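Spelled out from the first residue to the last, the chains are:
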Amino acid sequence: MNILVLEPFLGGSHKAFLEGLTKHSRHNVMSVSMSGRHWKWRMSGGSVTLAEKTKAIETPIDLVLASSMTNLPAFIALTNPRFANTPVAMYMHENQLTQPLPEGEERDLTFCYINYLSVLVADKVLFNSHFHKKSFLDALPDFLVDFPDYHQTESIKNVEQKSSVLHPGLDLQVLDDHPVKQKENEKPVIVWNQRWAFDKDPDMFFRIINRLDDSDCEFNLILAGDDQHDKSELFQKAKDRYSKRILHYGYVDDVETYSKLLHQGDIVVSTAKYEFFCVAIMEALYGGCHPVLPNGLTYPELIPENFREPLLHGPVFYEGEDDLYHKLKDLLQGKEKLLPKSTLQSINRHMDWKHAVNPFDDLFEDMAESN
């Protein structure tokens, strides 16, 4: 099959997904894309550029896969009649109905409506987690009834019927090239490898870190993750306070360095307020970092239930800020045991692209055959 991917925002998880699918799919995956910035303009006007770029692709296309920042109705109209009878799937990395907003910022319903119209047009809607699918579908009724009339709430059933969940593949094999380093640590190493943005709640993370330090807990820090956009001033304050205990500070743009850091960490913590998926946490877990995660969002569906038994290992899930503090304190003081790397890798080894690509390829073939 010849699959055309539409990606108006080629950055972060969108870029990683496209690269993984292109590399591992048994089909011929080609793409038209735009740089990963100015997301509002990409959603509003990106389809004009994507439609123009498809003119250079002469290969017959068997299926179109659009990312969630694509204005799909606009693209189909602008390329009409070329893709009028081509099956179209939409992969929802995120959505604008439930995307967290910075304090004081109001939600722009224009982008919510682009998402809504796009999932209506798509033949299949693929979400990156069950949590994401449920939260989006649950948000649609309130979104639609907020308009004056002709609410079309019956359309939600149509969207639900053609929606399914396919977790994104992960490039975990690149993390296999480095040996375990945790045993060499003089002190436990806590890792932050997520975006330095408000929705990951770094404020709560550093409140916990400061409480642990005030309680005379011994630890070092690795503060990685994407710091190219929004970031809390607390990272700079942490750099000043913990300068001698920070083993790494800042964004890592090469895989080898990133992998070495993950293999050096003992514990990875999420204080996220919202997660559509959690690539960074899954990477850290595979690298041998014991996860301590909110008991909600996407995490329970990604961590098997048998890893919640406290008698076998240290805590994986926490309930609220105080609970996180006490559980981290017990781990740092050795009152609870960390999961070994071999066990951690068994949790998500199946998410590597070499395995995860098959459900995508099978679905694409089913769509083409039933068209």
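Computed from a prediction, not measured in an experiment: that's the story for all the values here. (Residues numbered from 1 in each chain as written. Predicted model: local features only at pLDDT ≥ 70, side-chain atom pairs only at ≥ 80, totals over all residues. Heavy atoms only, no water.)

(A) Representation of the nonpolar core within the structure. One finds Leu-4, Leu-6, Leu-72 and Leu-140 to be the most contacted residues of the largest nonpolar core, which totals 34 residues. Other than its neighbours up to four places away in sequence, Leu-140 contacts Leu-97, Tyr-116 and Ile-156. Counting residues in hydrophobic clusters, the runner-up holds 33 residues, among them Leu-172, Leu-175, Leu-262 and Ile-281. (Core = buried A, V, L, I, M, F, W, Y, C linked by side-chain atoms within 4.5 Å. Buried < 20%, exposed > 50% of the residue type's maximum accessible area, 1.4 Å probe, protein only. Contact = heavy atoms within 4.5 Å.)

(B) How the structure looks around unusual backbone geometry. The linkage connecting Asn-80 with the following residue, Pro-81, adopts the cis geometry, with an omega of 10°. Notably, Tyr-150 is not glycine yet its phi reads approximately 45°, a positive angle. You can see Tyr-150 is positioned in the loop between helix H5 (130–145) and helix H6 (155–161). Located in the positive-phi region is Asp-201, a residue other than glycine, with phi close to 55°. Inspection of the secondary structure puts Asp-201 in the loop between strand E7 (189–192) and helix H7 (202–214). Here Asp-201 falls in the buried class, since its relative accessible area comes to 13%. (Helix = DSSP H or I, 4+ residues; strand = E, 2+ residues; numbered from the N terminus.)

(C) Quick look at the packing of aromatic side chains. Overall, the coordinates contain 23 aromatic pairs when judged by the stated rule. Measuring from centroid to centroid gives 5.6 Å for Phe-17 and Phe-360, while their planes differ by 65°, and the two rings are edge-to-face. Note that Phe-17 is positioned in helix H1 (residues 12–24) and Phe-360 in helix H14 (residues 353–370), a separation of 343 residues in sequence. Note on Trp-196 and Tyr-249: the rings are 5.2 Å apart at their centroids and 70° apart in plane angle, and the pair reads as edge-to-face. Pair noted here: Trp-196 is in the loop between E7 and H7 and Tyr-249 is in strand E9 (residues 246–249), with a separation of 53 residues, a long-range link. Relative accessible area serves as the criterion here: at 0%, Trp-196 is assigned to the buried category. A residue is classified by how much of its surface remains accessible, and Tyr-249, at 26% relative accessible area, is partly exposed. Here the aromatic residues Trp-192, Trp-196, Phe-205, Phe-206, Phe-235 and Tyr-249 are joined through ring pairs into a cluster of three or more. (Phe/Tyr/Trp six-rings, centres within 6.5 Å; stacked < 30°, edge-to-face > 60°.)

(D) Main features of the sheet that holds strand E5 (residues 124–127). Taken in spatial order, the six strands make up an open sheet running E2-E1-E3-E4-E5-E6, and their pairing is parallel. Strands with a single pairing partner mark the edges of an open sheet, and in this sheet they are strand E2 (28–35) and strand E6 (163–165). Between one strand axis and the next, the sheet turns by 20° as a mean value, whatever way the strands run. Contacts from helix H3 (residues 72–79) reach strand E1 (2–10), strand E3 (63–67) and strand E4 (88–92), with the element oriented near 150° to E4. (Pairing = 2+ DSSP bridges. Axes fitted to C-alpha atoms, helices over the stretch in contact; angles between N-to-C directions.)

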